[in-house]
Structures are given as C-alpha cells and as structure tokens.
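Here are the chains, one letter per residue:
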Amino acid sequence: DAKTTQPPSMDCAEGRAANLPCNHSTISGNEYVYWYRQIHSQGPQYIIHGLKNNETNEMASLIITEDRKSSTLILPHATLRDTAVYYCIVRPYTGTASKLTFGTGTRLQVTL
Amino acid sequence: ETGVTQTPRHLVMGMTNKKSLKCEQHLGHNAMYWYKQSAKKPLELMFVYNFKEQTENNSVPSRFSPECPNSSHLFLHLHTLQPEDSALYLCASSQETSGSGRNIQYFGAGTRLSVL
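Residues numbered from 1 in each chain as written. Chains lettered and ligands numbered in written order. Predicted model: local features only at pLDDT ≥ 70, side-chain atom pairs only at ≥ 80, totals over all residues. Heavy atoms only, no water.

Draft legend 1. Inspection of the sheet that holds strand E2 (residues 18-23) of chain A at higher detail. Residue and element names in this part refer to chain A. With antiparallel pairing, the four strands of this open sheet are ordered in space as E2-E7-E6-E5. The open sheet has two edge strands, E2 and strand E5 (55-56), and neither has a second partner. Two elements, strand E6 (residues 61-64) and strand E7 (residues 70-75), share four bridges in a ladder whose sense is antiparallel. Across the sheet, residue Ile-64 finds its bridge partner in E7, namely Ser-71. (Pairing = 2+ DSSP bridges. Helix = DSSP H or I, 4+ residues; strand = E, 2+ residues; numbered from the N terminus.)

Laid out in structure tokens, this is it:
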C-alpha cells in the first residue's frame, strides 16, 4: 500500500482557509487519494477524493500535484466545527470491497 | 446522521461476560466493516464483509466473532474480553462496484466499550 505522511497538527483561525498537506510519494497510477475527518469520539466522515484532477465539493477542495506525489485539502472558510483529525488515505485499487488504511492524520484546531 | 446506526453507544462489560455489538445500515450498501480504535492509535480494520461473505479477517483474536446475516446488518459478538480490548468500535458500509476504484465508506458513531 502507498503510505501517506501528514503533519501531526495544525492551527487555523476561524474564517480563514485551512490548507492541509499530504505526501504520498509512492502512489501508484490507479490509486485514489481520499480524505476523511474524525470529530472527537465520532465516526470518520468522508470529505472528498480524487485521482489526478483537482476536485471540489460543498465541503472542501482537493488539489493534487501533477506528479501525484502530494495533495492539499483546502477548507475555504474554516469554522470551529471543522476542528477534527483529518486523514489522507491512498486506496489501492482492487475492484472489490477493500480496506481504507488510516494513519495518525493531522489534528486541525480552529480557533477564534 | 450517516445512515449507519450502531447500538449500544456505550457498553461496560466484565471479562467473563458475553455481549454483542449491532450495526445496521440503511443505505442499500453491499459491503460492511468493523474497525477498532484504541486510545491514541489509528483506526484498525478488523473484518470486511462483501455480499454477506467475510472477505477479510485482519488477524483478529477469536474472542471477537463477527456475524453478517444480511447486507444490512452486522454484529460483533464478544466473549472473554481483556481490558486492553477497551476501545471505540466502529462500523462502516460502502457500495462496492466491480471495476471501480471508488470506496466511500460511511461510518456509524461507534460503540465505546470498556472491559473491566
């Protein structure tokens, strides 16, 4: 499995953009990048995923570098409710039900 | 509300007890998962069920016994647990399509288990 590297923690002021980086230098050509987040003591929540193009949805934007070795999750206007642990996951393509391997993620603290 | 419901939310049990955790998904998915999250550790996958068939057992001790009677329900039967089994147990489901690289898993809120 391709592994990911994320900073253990980040701070962001409320209302500002939160940019969460992820390195996945060993990613294979058919592997997707997924982002999930986990608010304290709750189950993880899917945010966004992508293969090679940048993606945007109502929660966030995902920017993937051209060589696909890294990506950035952008929360355009962070709120206190965005305080959570954010996981960047690379999923191997299998075509059947397969696991998501969670690392330790980035703990984002949004402050007033 | 994610469409995945876990009961109970909290459970305290002794090492000689037998209990079961229940998970139900209302999303029409065909795959279900059990994860364990111990304090200050990443989520660990325990079991995967695809179309009611177990497709992965991630070296889980036999004191944890999963059951998937249909695609909507998943149980985790617990017996003779140890204090180190205290953790948050999370259930997830997804719709798996052959040939697709997508996997969006939807998680329940979890069962917080304490083994005394």
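Draft legend 2. Broad picture of the state of the cysteines. Applying the stated rule across the entire model yields two disulfides over all chains. Paired by a disulfide, Cys-22 of chain A and Cys-88 of chain A hold their sulfur atoms 2.1 Å apart. Since a negative S-S torsion denotes a left-handed disulfide, the Cys-22 of chain A-Cys-88 of chain A link at about -80° is left-handed. Separated by 66 residues along the polypeptide, Cys-22 of chain A in strand E2 and Cys-88 of chain A in strand E8 (residues 84-91) bring together distant segments of the chain. The exposure class of Cys-22 of chain A is buried, given its relative accessible area of 2%. For Cys-88 of chain A, a relative accessible area of 1% translates into the label buried. Two residues, Cys-23 of chain B and Cys-91 of chain B, share a disulfide whose sulfurs are 1.9 Å apart. Its S-S torsion of about -75° marks the bond between Cys-23 of chain B and Cys-91 of chain B as left-handed, since a negative value means left-handed. Taken together, the residues span a long stretch of sequence, with Cys-23 of chain B in strand E3 (residues 18-25) and Cys-91 of chain B in strand E9 (residues 87-94) at a distance of 68 residues. In terms of burial, Cys-23 of chain B and Cys-91 of chain B fall into one category: buried. No disulfide involves Cys-12 of chain A; its sulfur sits 18 Å from the nearest other cysteine sulfur, which is in Cys-22 of chain A. With no disulfide partner, Cys-68 of chain B has as its closest neighbouring cysteine sulfur the one in Cys-91 of chain B, 9.0 Å distant. (Disulfide = S-S within 2.5 Å. Buried < 20%, exposed > 50% of the residue type's maximum accessible area, 1.4 Å probe, protein only.)

Draft legend 3. Spotlight on the side chain of His-24 of chain A. All names here are of chain A. Position of His-24 among the secondary structure elements: in the loop between E2 and strand E3 (32-38). Taking the relative accessible area as the measure of exposure, His-24 reaches 0% and is therefore buried. At 3.0 Å, the side chain of His-24 forms a polar contact with the side chain of Ser-71. Setting aside residues no more than four positions away along its own chain, His-24 makes contact with Lys-3, Thr-4, Val-33, Arg-68, Lys-69, Ser-70, Ser-71, Cys-88 and Val-90. (Polar contact = N/O pair within 3.5 Å; in protein donor to acceptor, adjacent residues only side chain to side chain. Contact = heavy atoms within 4.5 Å.)

Draft legend 4. The arrangement of the layout of surface pockets in detail. The volume enclosed by the largest pocket comes to roughly 610 Å³. Lining the largest pocket are 26 residues; nearest its centre among them are Val-85, Tyr-87 and Arg-107 of chain A together with Gln-37 and Lys-40 of chain B. Elements represented by at least two residues in the lining of the largest pocket include exactly E8 and strand E9 (106-111) of chain A together with E9 of chain B. Take the lining of the largest pocket: its biggest share by element is four residues, from E9 of chain A. Considering only enclosed or pocket space, the second largest pocket measures out at about 300 Å³ in volume. (1 Å grid on protein atoms, 1.4 Å probe; cavity = no way out; pocket = protein on both sides within 12 Å on 5 of 7 lines; lining within 4 Å. Points joined across faces, edges and corners; volume = space filled by probe spheres on them.)

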